[in-house]
Amino acid sequence: MTGTYKRHLLTGLAVCALAAVSQAQTRDPHIGFAYPAGGRQGTTFTALVGGQFLRNINHIHVSGDGVQATLIDHYKINRNVDKEQREALTAQLQELTQTRWAELHAAGIVKQPHPPWMKKPTPNKVKPPAKADSQAEKKNRNNEKAKPLKHPLLLDMEDKSIWELAHVRHEFFADRNKKQPNAQISEVALIKVTIAPDAVPGNRELRLQSRDELTNPLIFQVGTLPEVSELEPNDPEKSSRLPDPAPLKLPVLINGQVYPGDVDCFRFQGHRGQRLVIDVHARRLVPFLADAVPGWLQATLSLCDAQGKEIAFADDYRFSPDPILLYEIPEDGYYELQVRDSIYRGREDFVYRISISEQPFINQLFPLGGPEGTRTVATVSGWNLPQSDLVLDTEPGGPAIRQAAIFRNGTGSNPVAYAVDTLPECQEAEPNDRPQSKPSITLPCIVNGRISEPGDLDVFSFTASAGDEIVADVLARRLMSPLDSLLRLTDASGKVLQWNDDFVDKKGHLYRDMGALTHHADSHLRVTIPETGLYHVQISDAQNQGGEAYSYRLRISPPRPDFSLHLTPSSINMRAGSAVPLQVHVLPKDGFDGPIELRLIDPPAGFSLNAATIPAGCDRMRFTLTASEPSQTQAILRIEGRALIKGQTITRQATPSDDVMQAFLWRHLAPARDLMVSVRGKGRARASLADSGPVRIPAGGTAQVRVKTPKGKWFREIELRLNEPPTGISLQNQTEIPEGLAFDLKADPDAVQAGLADNLIVEIFRQVDWGQKDAKGNKALKTVSFGYLPAIPIQITTQ
Amino acid sequence: MTLNPHHSNPISRREALKLGLLGAAGLPFLGAKPCLAQESARPAQAKSVIQIWMWGGPSHLDTFDPKPEAGYDYCGPLKNPIATNVDGIRISESLPLLAKQADKYAIIRSMSHGNNGHETASYITQTGRQPGRLVYPCAGAVVSLFKGVDHGYKGLVPPYIVLTGPQGRFSEAGFLGPRYKPFATGGDPNRNPFLVEGIVAQGISDQRQRSRRDLLHGLDTLGQAMPHDPQFQFLDRCERNAYDLMFGDAKRLFDLSKETDQMRDRYGRNTFGQSCLMARRLVESGVPYITINYKGWDTHKRHFEIMRQKLPEMDRAMATLLQDLAERGLLDSTIVWWGGEFGRGPKIQWESPWNGGRSHYGKCFSSVVAGGGFKGGRVLGASDTKGMEVAERPVHPRELLASIYELMGIAPEGPMPNPLGLDIKVMPGNEDSGQACGRLREIMA
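Residues numbered from 1 in each chain as written. Chains lettered and ligands numbered in written order. Predicted model: local features only at pLDDT ≥ 70, side-chain atom pairs only at ≥ 80, totals over all residues. Heavy atoms only, no water.

Can you help me understand the overall build of chain A in this one?
Each helix and strand in chain A was counted, giving five helices and 59 strands. Expressed as lengths along the three principal axes of its C-alpha atoms, the size of chain A is roughly 100 × 85 × 40 Å. A burial count over chain A gives 51% of its 799 residues as buried. (Helix = DSSP H or I, 4+ residues; strand = E, 2+ residues; numbered from the N terminus. Buried < 20%, exposed > 50% of the residue type's maximum accessible area, 1.4 Å probe, protein only.)

Listed below in structure tokens is the structure:
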């Protein structure tokens, strides 16, 4: 590092405490998989976390209580094993395999005293002195020369079983190994995880922190079942030279990874009458992959009997790509479970967890919710259920969508979703498959119903007055109902006023509805009633399916304007004293289009939001978070939005989320549990806007922005650029002023319209001498980003 | 999306013979309709098309539309475009040989269809149509229909040849059916011998092949017992055609060892280079449409590493092809069309998992045309300062295709035979505005 560079950099950091981020933005640490992607309560185990830029991990975060994790080591996985390394590892594996085999022989598990495919050791025979440069000697010399392989699988080799040794051999030497390098998961952190016995089961979020920068979150599960991890080779056609490993004891949870062409097989002892729930978590662990089609591990499950005959198969569960098999064991014996990707793809982040147990499993719930504060008992049916009803928690104050489960002998069922609302509710009464001549419901109302058989049609009749606005909204798929609803609104004569199949909130390639759903099957209508009279809402299944599980909640009411907020990203890395941009997505409901004020909820000292008012009608906005002498270097922040709706202040907490890509094209807002921030340094904010309130720019004109900065050369040498500005807005005429800096914002009249309100993000750049010279021998200066100014609200006005 | 999976594979030599592609069978539904399109066509300026299909979508910024002023996040390391032999036209620094041939080609920098999916974009780019109820034929099949065996083509090989692998994204022939599918050679022209599917076989001598034929005839007792059966006569005729291909001039046509080493070296000793040389030989023999499916341009990851490997290979082969065609007096009658289904995202994706890749980009991209009536040394249209948007003269693929058809003597406004008997033009106008399909007059002689 040259003195010039050091001086400039130190000056910059000391004076303004802004971080050089040009490379950091693209070199942020990130993670793509954890393997195993969870563990059992009360256990300590190691796990691999694959990602990129993980060299300097200094902390591991697991959300919630009861799970601790520490780093053991970091590995850059290198697939190139040279000849010396190969020979050394082969020799070690051979020696250890012979030792383990002898132990199996002593225990009476194998008959032969030595592995039959290996040359017998001859310890009693005196070896003739090796000739100079004999093959054996060469080999030994090579082994000594071999640079040790660094790989997490090679730890504790002495303690590995014979099957684990075979797994190591397979990992390094299998000729079918078609693994392809993927830079984004080419590094691996080996971590030690301890889960407390009383840790609450379910999904957690795992984040690594490298150089004080947080990775994205990954799902990490806390379970209750005994767990095992797969050991290759375990393909069905593999004729292993090793004795079969002991069959799995049920219940069990199997962790595995699917590689190209891979089929993983697991043998277990089944007993007649066992009602097994075989549940694969794969897509639910890594919901979206950017660089794979369709964008996740599409697992298939095949159950075979002792003769190898397939007796059950599943490649999904209803609309979920993760398969679930419900199977009653017909007779005692061995059974084999096979799992693979449906089109035989695979790589490290194709991770799965399969539970095989007699856990309770709910496959239908009715009704799918109830009125807030009213005792609601739902009927349930499924598999291994100790009861047929379930009391739903409808206590006021909770979330609108909640989860419930049934427990049997301390083991919980799959969680089921239901909704709680404040409107009056009723249940459909069959027969109702044709319009009535008089009202069957009174608005507003939530109808709990089900499309009970293929072809079923439920019709609800109501009266409305001319000019009334009516919303009909189905809540079914979002509560995991298999119903793919289709809504029609007709008048008394049968004329269809409006119909809807799927209601999708999509901007470009971004699906803004939260979650992992890719088929937004719930329907939604909004109409203005043309004349007073009787109207009918018809609901059916768009795929002409039906059954006990095809439940729905149908709200028919005047519009209830509301909104939800989603904030990206869910992991924020920043330097104290600087601002960092965040993006908020507004999902308006029932026509809401008012302004929303964002605020931090009980923030730690030093954190604040800038330009945090979302203008009316805006569905997406960037703003900034500033940390000025923050009291904490890591914090979980909560942000809420407030809006005035029909005279009442409505507050909604923003859901942290990540904008993730599916299969090269589509993007989704994947929800996270926490909004975590990591702050480097302790500095206070130095750059601030001199004037409060929005900057008003005439369409076709300019407006000046003044920025207060400390005096000194460092700030005089910065260059300000707009970061992803709205079309037609540009920055020009950056000048020095007594307070610091000023610049003009220009609005191109052909590209912007009066009335536009938005925020501008301004990025700070500076040229840095990196001690390099160009071809002509001149200093090669590099333009580096040093962070952002607080967001600047703007309004475009008429000329 | 595979638009028509049943027709997704190109026809093999054996299938081609069975279907009478070489002159044995009649038209299934077309009747004399192809002639109608011909009647209203302008005189052909071009006799052949060599389509260099940049499979996966090449980056327009890193080839024919460089934007060094856009900065590192758009240009990456390819930030020093070079001048060409035409004043005012600059192209990527990785294409120095093509820079010396710029007077021979026109660059269209304002191609746009807005679709970012491989399958749909491939379909739009090669058929000029949006996906819909009918699966339309691509340009090669259209040329085969109007300039192939139905219109006097008597070449040694089928009129629509693909070097070397099939398209696979959609059915090239569309509703025209298997008769107009391309003949995909398979094999690798950079290998010696170039193993052409069904024509040149590895390790089987001509003598051994003839012995096999004799053995087959010996076993064909049913055929011998019924020598006058029309079905057997048809099969015999197909077989004779097949063996003519295998032992006759066609085999010599595919034999690149007939070229000098110097010429082979000029094109580059790689699959693409030798495919270009093979394409020139096919043009010389009168084949009206040759597609070179040039794979490897779907560079989501390792984009610049791949560019460093592939652009010099493309540069050498394509520049030599243009020069060679010109030297032989063939460029005036041969259209060379370079392009893929879309361009690539101007803004480099430095972030994970791409780590320096470029995405699909159908909003604005480039195509290049040369010869056969297209003027060289021209640039048509322009993109904006970062290559994100079309700034001037937007060009939809249908305009490019219509221009190619017109230069080939196929009237774009003429009727297109179809199985439903619908009144369909060879190339429609703007489906939204209803305007007639334009031509690229600015670059047409």
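Any chance you could explain the overall build of chain B here in plain terms?
A tally of regular secondary structure across chain B gives 14 helices and 14 strands. Taking all 445 residues of chain B together, the buried fraction comes to 58%. When the accessible surface of chain B is summed, it comes to about 17,500 Å², and 49% of that surface belongs to carbon and sulfur atoms. (Areas by Shrake-Rupley, 256 points an atom, 1.4 Å probe, with all protein chains shown as cover.)

Mind showing me how you'd approach helix α5 (residues 118-127) of chain B here?
What sets the pattern is the α-helix's 3.6 residues per turn: residues three or four places apart point alike. Residue and element names in this part refer to chain B. Burial within α5 is extensive, with nine of its ten residues counted as buried. Taken together, the buried positions of α5 are H118, T120, A121, S122, Y123, I124, T125, Q126 and T127. Packing partners of the buried residues in α5 comprise β1 (48-54), α6 (139-147), β8 (334-339), β10 (360-361) and α14 (397-407). The positive-phi residue at the C-terminal boundary of α5 is G128, with phi of around 80°. (Contact = heavy atoms within 4.5 Å.)

Please clarify how the interface of chain A and chain B should be interpreted in this entry.
Interfaces are often sized by the amount of accessible area the parts lose when they come together. Taken together, the contact between chain A and chain B spans 14 residues of the former and ten residues of the latter. Summing both partners gives a buried area of about 900 Å² for chain A against chain B, and 62% of it is carried by carbon and sulfur. The salt bridge partner of K301(B) is D291(A), with a shortest N-O separation of 2.4 Å. Linking chain A with chain B are five residue pairs in polar contact (both at pLDDT 80 or more), by the criterion used here. The residue inventory of the side of chain A that touches chain B, partitioned by class, reads six nonpolar, six polar and two charged. (Buried area = accessible area lost by both parts, 1.4 Å probe. Salt bridge = Lys/Arg side-chain N within 4 Å of Asp/Glu carboxyl O. Polar contact = N/O pair within 3.5 Å; in protein donor to acceptor, adjacent residues only side chain to side chain. Nonpolar A, V, L, I, M, F, W, Y, C, P; charged D, E, K, R; others polar.)

How should the packing of helix α12 (residues 271-284) of chain B against helix α13 (residues 303-327) of chain B be read in this particular structure?
How two helices sit against one another is set out by the angle between their axes and by the gap between those axes. All names here are of chain B. One can describe the packing of α12 onto α13 by two numbers: an axis separation of 8 Å at closest approach and a directional angle of 15°. Relative to α13, α12 is oriented roughly parallel. α13 is crossed by α12, and the crossing has right-handed handedness. Facing α12, whose interface residues are F272, G273, C276 and R280, α13 presents E313, M314, A317, M318, L321, D324 and L325. Residue composition of the contact of α12 with α13, by class: seven nonpolar, one polar and three charged. (Axes fitted to C-alpha atoms, helices over the stretch in contact; angles between N-to-C directions. Parallel < 35°, antiparallel > 145°, perpendicular 65-115°, else oblique. Left-handed = near helix turned anticlockwise from the far one by under 90°.)

I keep staring at the sheet that holds strand β7 (residues 289-294) of chain B and nothing clicks. Help me out?
Sheet strands associate in pairs through backbone hydrogen bonding, adopting either a parallel or an antiparallel arrangement. All names here are of chain B. Read from one edge of the open sheet, eight strands run β6-β5-β7-β1-β8-β11-β4-β12, paired in mixed fashion. The sheet is open, and its two edges are formed by β6 (183-184) and β12 (378-380), each paired on a single side. By the bridge criterion, three bridges tie strand β4 (residues 105-111) to β12 in an arrangement that is parallel. Its bridge partner being in β12, I108 is matched across the sheet by L380. In this fold α12 packs onto β1, β5 (160-163), β7 and β8, with an angle of close to 175° to the strand it touches most, β7. (Pairing = 2+ DSSP bridges.)

Would you mind going over the nonpolar core with me for this structure?
Nonpolar side chains tend to gather and get buried jointly when the protein is soluble and globular. Residue and element names in this part refer to chain B. With 57 residues, the main nonpolar core has I52, F64, L98, Y105, L282 and M314 as its most contacted residues. For this core, the element with the most residues is α13, which contributes eleven residues. Other than its neighbours up to four places away in sequence, F64 contacts R90, I91, L95, L98, Y105, I107, R109, M314, M318, W338 and V368. Core analysis: the next-biggest nonpolar cluster, separate from the first, contains 48 residues, C138, A139, V162 and I335 among them. (Core = buried A, V, L, I, M, F, W, Y, C linked by side-chain atoms within 4.5 Å.)

Explain the environment of V752(A) here, please?
Residue and element names in this part refer to chain A. Looking at where V752 falls in the secondary structure, it is placed in the loop between β56 (740-747) and β57 (757-773). The class of V752 is buried, set by a relative accessible area of 7%. On a C-alpha basis, the gap between V752 and L665 in space is 28 Å, while along the polypeptide they are 87 residues apart. Excluding residues that lie within four positions of it along the chain, V752 makes contacts with T727, G728, I729, A747 and I796.

Looking at this structure, how should I read the confidence of the model for chain A?
Detailed reading of the predicted model is not advised wherever pLDDT is low. With 93% of its residues at a pLDDT of 70 or more, chain A has an overall mean of 91. In the predicted structure, residues 1-25 of chain A sits below a pLDDT of 50 and forms 47 contacts with residues beyond four places in sequence or in another chain. (pLDDT = per-residue confidence, 0-100.)

Please explain the pairing of strand β59 (residues 792-797) of chain A as it appears in this structure.
Regular strands place their side chains on alternate faces of the sheet. Residues and elements named next belong to chain A. Burial along β59 is one-sided: I792, I794 and I796 are buried, and none of P793, Q795 and T797, which face the opposite way, are. Of the strand pairs in this sheet, strand β52 (residues 695-698) and β59 are connected by four bridges, and their pairing is parallel. Looking across to β59, one finds that R696 is bridged to Q795. Bridge analysis of β57 against β59 gives four bridges, and the strand direction is antiparallel. Each bridged residue has a counterpart across the sheet, and for A757 the counterpart in β59 is Q795.

Can you walk me through the packing of aromatic side chains in this structure?
Within a pair of aromatic rings, the relevant descriptors are the distance that separates the centres and the angle that separates the planes. All names here are of chain A. Counted according to the given criterion, the structure contains 20 aromatic pairs over all chains. Judged by centre distance (6.4 Å) and plane angle (10°), the rings of F45 and F220 are stacked. Placement of F45 in strand β3 (residues 44-52) and of F220 in strand β9 (residues 218-223) is noted, with a sequence separation of 175 residues between them. Here the aromatic rings of W714 and F786 are separated by 5.1 Å at their centres, their planes lie at 85°, and the arrangement is edge-to-face. Of the two residues, W714 sits in helix α5 (residues 713-716) while F786 sits in strand β58 (residues 779-788), which places them 72 residues apart along the sequence. Its relative accessible area of 3% is what places W714 among the buried residues. With relative accessibility at 1%, the residue F786 sits in the buried group. Aromatic ring contacts, followed pair by pair, group W714, F715 and F786 into a single cluster. Taking the ring centre of Y334 as reference, the NZ or CZ of R267 above it sits at 4.7 Å. We note R477 situated over the ring of F319; from NZ or CZ to the ring centre the distance is 4.1 Å. (Phe/Tyr/Trp six-rings, centres within 6.5 Å; stacked < 30°, edge-to-face > 60°. Lys NZ or Arg CZ within 6 Å of the ring centre and 35° of its normal.)

Just checking my understanding: could you explain the sheet that holds strand β6 (residues 187-195) of chain A for this structure?
Residue and element names in this part refer to chain A. One open sheet accounts for four strands, arranged β1-β3-β6-β5; its pairing is antiparallel. For this open sheet the edge positions go to β1 (30-35) and β5 (67-76), each flanked by a neighbour on one side alone. Averaged over all neighbouring strand pairs, the angle between strand axes comes to 30°, with direction disregarded. Here β3 runs beside β6; their pairing, made up of eight bridges, is antiparallel. By the bridge assignment for β6, G50 is matched with V188.

Explanation requested: the environment of K76(A) in the structure shown.
Residues and elements named next belong to chain A. Inspection of the secondary structure assignment puts K76 in strand β5. Note on K76: relative accessible area 44%, which makes it partly exposed. Separated by 25 residues in the primary sequence, K76 and G51 have C-alpha atoms spaced 9.8 Å apart. Those residues in contact with K76, other than ones at most four positions away along the chain, are R55, S186 and E187. At 3.4 Å, the side chain of K76 and the side chain of S186 are in polar contact.

Honestly, unusual backbone geometry in this entry has me stumped. Any pointers?
Most peptide bonds take the trans form, and the phi angle of most residues other than glycine is negative. Residues and elements named next belong to chain A. Between V293 and P294 the backbone carries a cis peptide bond, its omega angle lying at 10°. Structurally, P294 is set in the loop between β13 (275-281) and β14 (299-304). Each neighbour pair has its own omega, and for F366 with P367 the value is -5°, a cis peptide bond. As for its position among the elements, P367 is in the loop between β19 (361-366) and β20 (369-371). Even without a glycine there, the phi angle at Y344 is positive, about 60°. Relative to the helices and strands, Y344 resides in the loop between β17 (333-341) and β18 (351-357). The residue K646 is not glycine, and still its phi comes out positive at about 50°. Of note, K646 is situated in the loop between β46 (639-645) and β47 (648-653). Since its relative accessible area comes to 68%, K646 is described here as exposed.

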